[in-house]
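What follows is each chain in one-letter form.
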Amino acid sequence: GSSVDLGCSAEGRPAPLLTWFRGPQVLREEPAAPALSLHLAQVSAGDSGTYTCVAENRHGRHNRSLELHVA
């Protein structure tokens, strides 16, 4: 029932598009933002899974994933 905040930041020229995914599902995205947070309210076991932040611009794509386990 607690909340979880995930953060992601990236720099680039041009400024990258930041996107949060859970599996193939887009949860939140923001073009040209230096940072993008993801707020999960009242998490439950159903929120467990892999969350990935992707930063991309015309020069490439970079991502980081984390595994959230909710008991």
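All values reported here derive from a predicted model rather than from experimental measurement.

**Quick notes on the environment of P14**
Thinking step 1. Tracing the backbone through its elements, the reader meets P14 in the loop between β1 (4-9) and β2 (17-22).
Thinking step 2. By relative accessible area, P14 is classed as partly exposed at 32%.
Thinking step 3. In sequence terms P14 and H59 are 45 residues apart; their C-alpha atoms lie 8.5 Å from each other.

**Description of the nonpolar core**
Thinking step 1. One finds L6, W20, L38, L40 and Y51 to be the most contacted residues of the largest nonpolar core, which totals 13 residues.
Thinking step 2. Listing elements by their share of this core, those giving two or more residues are β1, β2, β4 (35-40) and β5 (49-57).
Thinking step 3. Contacts of L40, omitting those with residues within four sequence positions, involve S2, S3, V4, L6, Y51 and L68.

**Section: the sheet that holds β2**
Thinking step 1. Strand order in the open sheet formed by four strands is β3-β2-β5-β6, and the pairing between neighbours is antiparallel. Unpaired on one side and paired on the other, β3 (25-31) and β6 (60-68) mark the two borders of the sheet. Ignoring which end each strand starts from, the neighbouring axes of this sheet average 15° apart.
Thinking step 2. Both β5 and β6 contribute to a ladder of nine bridges, which runs antiparallel.

**A look at the UniProt feature "domain: Ig-like" (unreviewed entry) in the protein chain**
Thinking step 1. Here the UniProt-annotated "domain: Ig-like" (unreviewed entry) positions come out as residues 1-69.
Thinking step 2. Between the end C-alpha atoms of residues 1-69 there is a gap of 13 Å, over a span that is 0% helix and 62% strand.

Thresholds applied
Residues numbered from 1 in each chain as written. Predicted model: local features only at pLDDT ≥ 70, side-chain atom pairs only at ≥ 80, totals over all residues. Heavy atoms only, no water. Helix = DSSP H or I, 4+ residues; strand = E, 2+ residues; numbered from the N terminus. Buried < 20%, exposed > 50% of the residue type's maximum accessible area, 1.4 Å probe, protein only. Core = buried A, V, L, I, M, F, W, Y, C linked by side-chain atoms within 4.5 Å. Contact = heavy atoms within 4.5 Å. Pairing = 2+ DSSP bridges. Axes fitted to C-alpha atoms, helices over the stretch in contact; angles between N-to-C directions. UniProt positions renumbered as here; feature names shortened; annotations may be inferred.

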